[in-house]
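Report on the structure
Residues per chain, in single letters:
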Amino acid sequence: MHSIPCNFSVFGYPVISSSMKEIKVKDASTLCTLLPDGEPHIQQSVFVGEEQRSSSISVKSTPELEKKYVHCVYDAIAPHFSSTRFAKWPKVSAFLESLPTGSLILDAGCGNGKYLGLNSSCYFIGCDISAPLIKICADKGHEVLVADAVNLPYRTNFGDAAISIAVLHHLSTENRRKKAIEELVRVIKKGGLVLITVWAVEQEDKSLLTKWTPLTEKYVEEWIGPGSPRVRGPSAFTLESIPETEENGLGGHTKDSRENTENMHQSMCLTPENKDDSLVSKDGSNQQEYFVPWHLPYHRAEVSGASAGALANGLAKKDDKKGAVVYNRYYHVFGEGELERLVSGMDNAVIIDKFYDKSNWCIILEKTLLGLKHLQDKDTSPSLI
Amino acid sequence: MRLLTHNILSSNIKGVTNGFPLGIEVEKVVEKQVEINHDFLRNIFPKIDWKAFSDASKIMGYVELPEEAPEPSVLDSDLDFLRKFHHALLELHLEEGALVCPQTGRKFPVNKGIPNMLLHEDEV
């Protein structure tokens, strides 16, 4: 498998060189103040000859795509996002209520802390990569920290259960998604349970899927399939703003954060040809990578202050008609069986339940072996299933 | 940050083989009362690394914990111990300060009670 270096840009050609300099900055927050020359483009080019990076890019290293289209966005929209996140998904509530009294529950990617404390007989520790969201949790009295779901700062085998609710679909490579699942299992005790939910390709409201903006070309490391690195020509696709109708952030779980659109920009929708494990969604395409818009009302944008930088950088656009700053959030939506496939290679977890509910794929895992750094003292007791 | 959280946290910097327990630098400690949950305390007690917990509580200014972990049955028989355990575990908050990787010395800041455990690019 070929890797490409991390020093590529989401933006178009005119800014390649400036972006390459900026990538060296360690602090992800500075990425929100990049100054590209033009419209945000999906960068097509692969830099040839940087193959030595393949082993040095850690799966724990955050790709540019996530920094710009997940981290920056959530940081900018945190209070508004939190205000729309109050409806508790019955399946998650049921899972949490089913856990034994006095359990220690770890919520990785807890967002605004919606599920923290849901079971009053249990104790929750939440973490999220977004400091503004974690601040919102802390203000409510929850025990939380800022951390990365791909590299949890927790001791092995400590927790009783873990949840990952609508988190993994923001990870842009399969290896990172796998790693995040391994982390969830690692940090809980043998016999402990993990609940994972992710957005599904198979949306109950099919029209929604077609209204998101597909990423038409993949430039993340593992999407470049085996063979020589490919240098694509200057055929960048432009993400134009999608005129949208209402902000539908209220209501039940399915509606959370999904924006209805009036007219979908006719972006060219190429089927990725080099994804070995591509899944075919019900509409026949292999498309699983999307930008899903978030409308941040102007008055909210002014309060947060982050939007001025984002607008200058092309990370967000103004929609005067709606009086909102429009951000795009990156999603890798999951196909049927994909979660199971990610888990299939794990030797310390078994699937005890899997289901589809309200446009989400869900899975419950049970940890079966003690997590060990070295396999000398392998637990030989039989699996609990 | 409560000492329960301190007891689960470990430095995950690349190359660190023993990142637990994190050192604690105290700038501000706050006490906040919370109801005792006996089931939780019974469940969590065996998980706690007692030495790390006892050392940390001293750093936070609380010296009432025994040096050695008592037998678990003490949780049911000794109400005084239960209260002390509860207090140190859940009612002491490190509001401002830092957590320190025991191997590298790298400091993870704690502000407004929130630890920031995010690593820099060169630490992953």
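Quick caveat: nothing in here was measured; it's all calculated off a predicted structure. (Residues numbered from 1 in each chain as written. Chains lettered and ligands numbered in written order. Predicted model: local features only at pLDDT ≥ 70, side-chain atom pairs only at ≥ 80, totals over all residues. Heavy atoms only, no water.)

Enumeration according to the criterion identifies 16 aromatic pairs over all chains in this entry. Here the aromatic rings of tryptophan 212 of chain A and tyrosine 290 of chain A are separated by 5.5 Å at their centres, their planes lie at 70°, and the arrangement is edge-to-face. Placement of tryptophan 212 of chain A in the loop between helix H6 (206-211) and strand E7 (213-214) and of tyrosine 290 of chain A in strand E9 (residues 289-297) is noted, with a sequence separation of 78 residues between them. The same class applies to tryptophan 212 of chain A as to tyrosine 290 of chain A, namely buried. Taken together, the ring pairs connect Phe45, Trp50, Phe53, Phe81 and Phe85 of chain B into an aromatic cluster. Geometry around phenylalanine 20 of chain B places arginine 155 of chain A over its ring, the cationic atom sitting 4.0 Å from the centre. Across the ring face of tyrosine 298 of chain A, the terminal group of lysine 318 of chain A is positioned such that the distance to the ring centre comes to 5.5 Å. (Phe/Tyr/Trp six-rings, centres within 6.5 Å; stacked < 30°, edge-to-face > 60°. Helix = DSSP H or I, 4+ residues; strand = E, 2+ residues; numbered from the N terminus. Buried < 20%, exposed > 50% of the residue type's maximum accessible area, 1.4 Å probe, protein only. Lys NZ or Arg CZ within 6 Å of the ring centre and 35° of its normal.)

In this section: the UniProt feature "domain: Methyltransferase type" (unreviewed entry) in chain A. Here the UniProt feature "domain: Methyltransferase type" (unreviewed entry) sits at residues 106-196 of chain A. Note that residues 106-196 of chain A is 24% helix and 31% strand, and that its end C-alpha atoms are spaced 12 Å apart. (UniProt positions renumbered as here; feature names shortened; annotations may be inferred.)

Let us now look at the sheet that holds strand E4 (residues 114-115) of chain B. Residues and elements named next belong to chain B. Ordered by their spatial adjacency, 4 strands build an open sheet running E1-E2-E3-E4, and the pairing between neighbours is antiparallel. Bordering the open sheet on either side are strand E1 (23-31) and E4, each of which pairs with just one other strand. Where strand E3 (residues 107-111) meets E4, 2 bridges bridge the pair, whose relative direction is antiparallel. Counted as the bridge partner of valine 110 is proline 115 from E4. (Pairing = 2+ DSSP bridges.)

Turning our attention to the interface of chain A and chain B. Across the boundary between the two partners, chain A contributes 36 residues, which contact 32 residues of chain B. Buried area between chain A and chain B, summed over both chains or domains, comes out near 2700 Å², and the portion from carbon and sulfur atoms is 58%. At the surface where chain A touches chain B, the tally comes to 3 salt bridges. Salt-bridge contacts for arginine 2 of chain B lead to glutamate 143 of chain A; the nearest nitrogen and oxygen are separated by 2.8 Å. On inspection of chain A and its partner chain B, the count reaches 16 residue pairs in polar contact (both at pLDDT 80 or more). Of all the elements in the fold, those that place two or more residues in the side of chain A that touches chain B are strand E2 (104-108), strand E3 (123-128), helix H4 (131-139), strand E4 (144-146) and strand E5 (159-165) of chain A. Its residues placed into classes, the side of chain A that touches chain B shows 15 nonpolar, 11 polar and 10 charged. (Contact = heavy atoms within 4.5 Å. Buried area = accessible area lost by both parts, 1.4 Å probe. Salt bridge = Lys/Arg side-chain N within 4 Å of Asp/Glu carboxyl O. Polar contact = N/O pair within 3.5 Å; in protein donor to acceptor, adjacent residues only side chain to side chain. Nonpolar A, V, L, I, M, F, W, Y, C, P; charged D, E, K, R; others polar.)

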